[in-house]
Amino acid sequence: MKVSVIGSGYVGTTLAACLADLGHEVTNVDIDEDAVAAIEDGVAPIHERGLDELVAEYGGTRLRATTDYATASKANIVFIALPTPTDERGRIDTSIITAGTEQLGEVLGEAEEMPLVVVKSTVTPGTTERELIPALEETSGATAGEEFDVAVNPEFLREGSAVSDFLHPDKVVFGATADRAFETLDELYDPLVAQTDTTVVRTGVREAEMIKYANNAFLASKISLINELGNICKEFGVDAYEVADAIGLDERIGSQFLRSGVGWGGSCFPKDVAALIAAARETGYEPELLEAVVGVNDRQPERLLSLLDDHVDVEGERVAVLGLAFKSGTDDVRSSRAIPTIEGLLNRGADVVGYDPVAAENMRAQFPDIEYAESAADALDGAIAAVVVTDWDEFAALDGEFDAMKRPVVVDGRRIVEPRDGIEYEGLTW
Ligand code: UGA
């Protein structure tokens, strides 16, 4: 099939490359000329495990890129994978996706046969019907449900394993009203469904929009719940990880996302939970549980630092922050728990030295004035304490490096450092 993907961010590029891998002819459309040139040259414009290989294999052949929206008019399916950032009230800001949809509608108005338009971006329930379909109808002059169809196909890709998540999904969700929209999506995903036996969920447009939010809200809630239980465990002198291992054996609970610690960050959970809360409030419903989920998450970095306070006064002292990325395997620092941790240390008058194997440069934009070390050993050298924020494997191997500390206090927010003789080790929830 001929597919256009509008947007070459991490979702759009992953989608485009994976669809090319499934045998489709894909064109990625983006205003970013550098990203377009990179894809045409077979170079992935973003870092995502497994993506380099796919773009190298198909870039310039089955996977093309262009700045010209007009190519979308020749496609059988057009995906909209444009960003929906957060506005000042926590809601999604639809200005970028609406502008892109209008631009798309203008070129689709010229198409001999209009393609199926599929919303891939994360949008709150009702957005497609209320904003995107009218934008397409107005600019194309065509009527949805008659001359063209619109569907919603949310993504469940994790940063760092997006390619593998796409090619081995737990589920694929199609939200649409017209049979022909489901048939077109079936045809597109058929190679994937045939090779993985994944479950295809066929549902309505609003339901598909909501499934994405419910998925992320549930996972964020699960982590906040294990963090709350972990905080209670700590007060009782109980190891929350042993408790999590045991409760995870109950299939109704499940063993994943039970790692308690300094909390969740990234570009998805904080933004999506905030947007769902804001959207719910606009209906007049007060989502108290989700507000508490955010509240617990916001508190975890300060709990980490209060455990540190129990050991040392950090004022005027060098303190190492091990890990700056929001999770291991990525250089992304958006909403990383390292941010409030560093702020809390600076408020205490500490000299902060950050270390991360890949994310230091991104954190520098946020905190240009703190020191960044080249290695964990350099960060620990002379530090009165270390706090661990990201679960990079290399922190598990740290050993003699702690000997160079002024005082070897280690407060671990991710249960990654191995406690050893000679360090004052404190776990956040164990
Ligand atoms: C998340 C979802 O997992 C994806 O399914 C979804 O598609 C994506 O958001 C999105 O909406 O685009 P991602 O943000 O890449 O993916 O990261 P996760 O691996 O889910 O981790 C999120 C945060 O939770 C990280 O800060 C991680 O350290 C934290 N976490 C995760 C825990 O604190 N404990 C756990 O047990 C698991």
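The structure presented is a predicted model; accordingly, all values stated were derived computationally and were not measured.

(A) Here's a closer look at the overall build of the protein chain. Across its full length, the protein chain holds 14 helices and 14 strands. Since a compact globule built from 430 residues should have a radius of gyration of about 22 Å, the 24 Å found for the protein chain is in line with a globular shape. When the backbone C-alpha atoms are referred to their principal axes, the protein chain occupies close to 75 × 45 × 40 Å. Put simply, 72% of the contacts in the protein chain that link residues at least 6 apart link residues at least 24 apart. Within the structure as shown, the protein chain displays about 18900 Å² of accessible surface, and the carbon and sulfur contribution to it stands at 47%. Within the protein chain, the 81 negative side-chain charges are centred at a point lying 4 Å from the centre of the 34 positive side-chain charges.

(B) Local environment of the packing of aromatic side chains. This structure, assessed with the given rule, holds six aromatic pairs. Between the aromatic rings of Phe174 and Tyr189, the centroid separation amounts to 5.4 Å while the plane-to-plane angle is 45°, which identifies the pairing as tilted. Placement of Phe174 in strand E7 (residues 171–175) and of Tyr189 in helix H7 (residues 179–196) is noted, with a sequence separation of 15 residues between them. One exposure class covers both Phe174 and Tyr189, and it is buried. When the ring centre of Phe156 is taken as reference, the NZ or CZ atom of Lys171 above it lies at 4.2 Å.

(C) Structural context of the packing of helix H8 (residues 205–236) against helix H9 (residues 240–247). Where H8 meets H9, the closest approach of the two axes is 9 Å, and the angle between their N-to-C directions is 135°. With respect to their mutual orientation, H8 and H9 come out oblique. As H8 runs across H9, the sense of the crossing is right-handed. For the pair formed by H8 and H9, the contact residues are Ile226, Gly230 and Cys233 on the first element and Ala240, Val243, Ala244 and Ile247 on the second. Each residue belonging to the contact of H8 with H9 can be placed in one class, and the counts come to six nonpolar, one polar and no charged.

(D) Here's a closer look at the sheet that holds strand E9 (residues 318–322). With respect to topology, six strands assemble into an open sheet ordered E11-E10-E9-E12-E13-E14, the strand pairing being parallel. In the strand order of this sheet, the two ends are held by strand E11 (371–372) and strand E14 (424–427), each with one partner. One ladder, built from four bridges, connects strand E13 (residues 409–412) with E14; its direction is parallel. From the neighbouring strand, Val409 faces E14, where its bridge partner is Glu424. Those strands touched by helix H11 (residues 288–311) are strand E12 (385–388), E13 and E14, and its axis lies near 160° from that of E13.

(E) Summary view of a nonpolar patch on the surface. Together, Leu225, Leu229, Ile232, Phe236, Val238 and Val243 make up an exposed nonpolar region whose accessible area comes to about 520 Å². If one sorts the elements of the nonpolar patch by residue count, H8 sits on top with four residues. A relative accessible area of 66% means that Phe236 is categorised as exposed.

(F) Geometry of helix H12 (residues 338–347). Among the residues of H12, Ala338, Ile339, Thr341, Ile342, Gly344 and Leu345 are the ones counted as buried. Downstream of H12 by one or two residues, Gly349 has phi in the positive range, about 85°.

(G) The arrangement of the site of the ligand in detail. If you check the shell around the ligand, you find 21 residues, and the closest are Leu157, Glu159, Lys212, Asn216 and Cys268. A distance of 3.4 Å separates an oxygen atom of the ligand from a polar backbone atom of Phe156. Considering the ligand on its own, with 730 Å² of exposed area, one finds that the protein chains cover 92% of that surface. Grouping the constituent residues of the shell around the ligand by class yields ten nonpolar, three polar and eight charged.

(H) Just the pattern of salt bridges, in detail. Taken as a whole and judged by the stated rule, the model has 28 salt bridges. A salt bridge links Arg407 to Glu424, with the nearest nitrogen and oxygen atoms 2.9 Å apart. Taken together, the residues Arg407 in the loop between E12 and E13 and Glu424 in strand E14 connect sequence positions 17 residues apart. Three or more residues joined by partner-sharing salt bridges are found here, namely Asp87, Arg89, Arg91 and Glu282.

(I) Expanded view of helix H3 (residues 51–58). Along H3, the residues classified as buried are Leu51, Leu54, Val55 and Tyr58. Around the axis of H3, the buried residues are gathered within 95° of arc, so they sit on the same side. With respect to the buried face of H3, the exposed residues turned more than 90 degrees away are Glu53, Ala56 and Glu57. Each element contacted by the buried residues of H3 is listed here: helix H1 (10–21), helix H2 (33–40), strand E3 (63–66) and helix H6 (162–167).

(J) Quick look at the packing of H8 against H11. In contact at an axis separation of 9 Å, H8 and H11 are set at 45° when each is read in the N-to-C sense. It follows that H8 is oblique to H11 by the angle criterion. Between H8 and H11 lies a crossing of left-handed hand. Together, Ala217, Ala220, Ser221, Ser224, Asn227, Glu228, Asn231, Lys234 and Glu235 of H8 and Leu290, Val293, Val296, Asn297, Arg299, Gln300, Arg303 and Leu307 of H11 make up the contact between the two elements.

Procedures and definitions
- Residues numbered from 1 in each chain as written.
- Predicted model: local features only at pLDDT ≥ 70, side-chain atom pairs only at ≥ 80, totals over all residues.
- Heavy atoms only, no water.
- Helix = DSSP H or I, 4+ residues; strand = E, 2+ residues; numbered from the N terminus.
- Rg over C-alpha atoms; globule rule 2.2 N^0.38 Å.
- Contact = heavy atoms within 4.5 Å.
- Areas by Shrake-Rupley, 256 points an atom, 1.4 Å probe, with all protein chains shown as cover.
- Lys, Arg positive; Asp, Glu negative; His and termini not counted.
- Charge placed at Lys NZ, Arg CZ, Asp CG, Glu CD.
- Phe/Tyr/Trp six-rings, centres within 6.5 Å; stacked < 30°, edge-to-face > 60°.
- Buried < 20%, exposed > 50% of the residue type's maximum accessible area, 1.4 Å probe, protein only.
- Lys NZ or Arg CZ within 6 Å of the ring centre and 35° of its normal.
- Axes fitted to C-alpha atoms, helices over the stretch in contact; angles between N-to-C directions.
- Parallel < 35°, antiparallel > 145°, perpendicular 65-115°, else oblique.
- Left-handed = near helix turned anticlockwise from the far one by under 90°.
- Nonpolar A, V, L, I, M, F, W, Y, C, P; charged D, E, K, R; others polar.
- Pairing = 2+ DSSP bridges.
- Patch = residues over 30% accessible without salt bridge, like charges linked within 9 Å, V, L, I, M, F, W, Y side chains within 5 Å.
- Salt bridge = Lys/Arg side-chain N within 4 Å of Asp/Glu carboxyl O.
- Near = heavy atom within 4 Å.
- Polar contact = N/O pair within 3.5 Å; in protein donor to acceptor, adjacent residues only side chain to side chain.
- Arc of directions from axis to C-beta.

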